[in-house]
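Letter by letter, the chains look like this.
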Amino acid sequence: MTGWDIRPSGVESVLSLVVLAAEDLSKGVRGYGESVEDAALHAGTISGPYCGEAPAGPVGAAVADFIADTQQRIRFMAARTKKSMDGTVKATTEYIEGDLAMAARAQCEAAKAPTPAEIRAVGQKSGHRGGEQPR
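To keep things clear, this report deals only with the structure shown in the data block. Since this is a predicted model, take the numbers as computed values, not measurements.

### Things to note about the overall build of the protein chain
For the protein chain, the count of helices and strands is 4 helices and 0 strands. When the helices and strands of the protein chain are listed from N to C terminus, the series reads α-α-α-α. Counting every position in the protein chain, which comprises 135 residues, the buried fraction comes to 21%. Across the protein chain, every contact between residues at least 6 apart in sequence was considered, and the portion connecting residues at least 24 apart equals 79%.

So this is what it looks like as C-alpha cells:
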C-alpha cells in the first residue's frame, strides 16, 4: 500500500474530536446569530411618531447588512467541515477495503470547495454527526 499509512482508530479518534469542535462551533454561531439580531433590533430607531413596531435606525440597518454579508461565509465554513469529515470517512473506508485509487479519489473530492448545493444543504440540516464512522 504505497504512500498510505492510515490507522482507522486514529482517524475515528480525530473525527470524534472534530465532531465535538463542530458542535461547539455550531453553538457559537447560533449564539452569534441571536446576538447580532438582538443588536440590530435594539441599536436605536428613527425617532418620531409611528404605528406598530419602530422602524430600524441606520445602525440597526448596518448590523442587518453585516449579518446578510457574513451568513454565506458561515454556511460555507459549515459545509467545508461536513465535506471534509465525510470525505475522510469515505477515504478511510476505501483504504481499509484496499482500494487505494478510490481512497485517493475520495480524498481529492473532500479537498474541493463545497458546491452551492452543499452550502444550501447545511442551512437545512441541524448538526452533523460526522456521517458513518470508518469500519
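The structure having been displayed, the exposition proceeds.
### Thoughts on the packing of helix α2 (residues 58–96) against helix α3 (residues 100–111)
Two elements in contact, α2 and α3, have axes whose closest approach is 8 Å; the angle formed by their N-to-C orientations is 175°. Relative to α3, α2 is oriented roughly antiparallel. For the pair α2 and α3, the contacting residues are Arg 80, Lys 83, Ser 84, Gly 87, Lys 90, Ala 91, Glu 94 and Tyr 95 in the first and Leu 100, Met 102, Ala 103, Ala 106, Gln 107, Glu 109, Ala 110 and Ala 111 in the second. Taken together, the residues that form the contact of α2 with α3 break down as 8 nonpolar, 3 polar and 5 charged.

### So, the pattern of salt bridges
Summed over all chains, the structure comprises 3 salt bridges. Lys 83 serves as the salt-bridge partner of Glu 118, at 3.3 Å between the closest nitrogen and oxygen. Highlighted residues: Glu 118 in helix α4 (residues 116–124) and Lys 83 in helix α2, separated in sequence by 35 residues. According to the relative accessible area criterion, Glu 118 is partly exposed, its value standing at 30%. With its nearest N and O atoms 2.7 Å apart, the salt bridge here joins Glu 109 to Lys 112. Classification of Glu 109 as partly exposed rests on a relative accessible area of 41%. In this structure Lys 112 comes out as partly exposed when scored by relative accessible area, which is 40%.

What counts and how
Residues numbered from 1 in each chain as written. Predicted model: local features only at pLDDT ≥ 70, side-chain atom pairs only at ≥ 80, totals over all residues. Heavy atoms only, no water. Helix = DSSP H or I, 4+ residues; strand = E, 2+ residues; numbered from the N terminus. Buried < 20%, exposed > 50% of the residue type's maximum accessible area, 1.4 Å probe, protein only. Contact = heavy atoms within 4.5 Å. Axes fitted to C-alpha atoms, helices over the stretch in contact; angles between N-to-C directions. Parallel < 35°, antiparallel > 145°, perpendicular 65-115°, else oblique. Nonpolar A, V, L, I, M, F, W, Y, C, P; charged D, E, K, R; others polar. Salt bridge = Lys/Arg side-chain N within 4 Å of Asp/Glu carboxyl O.

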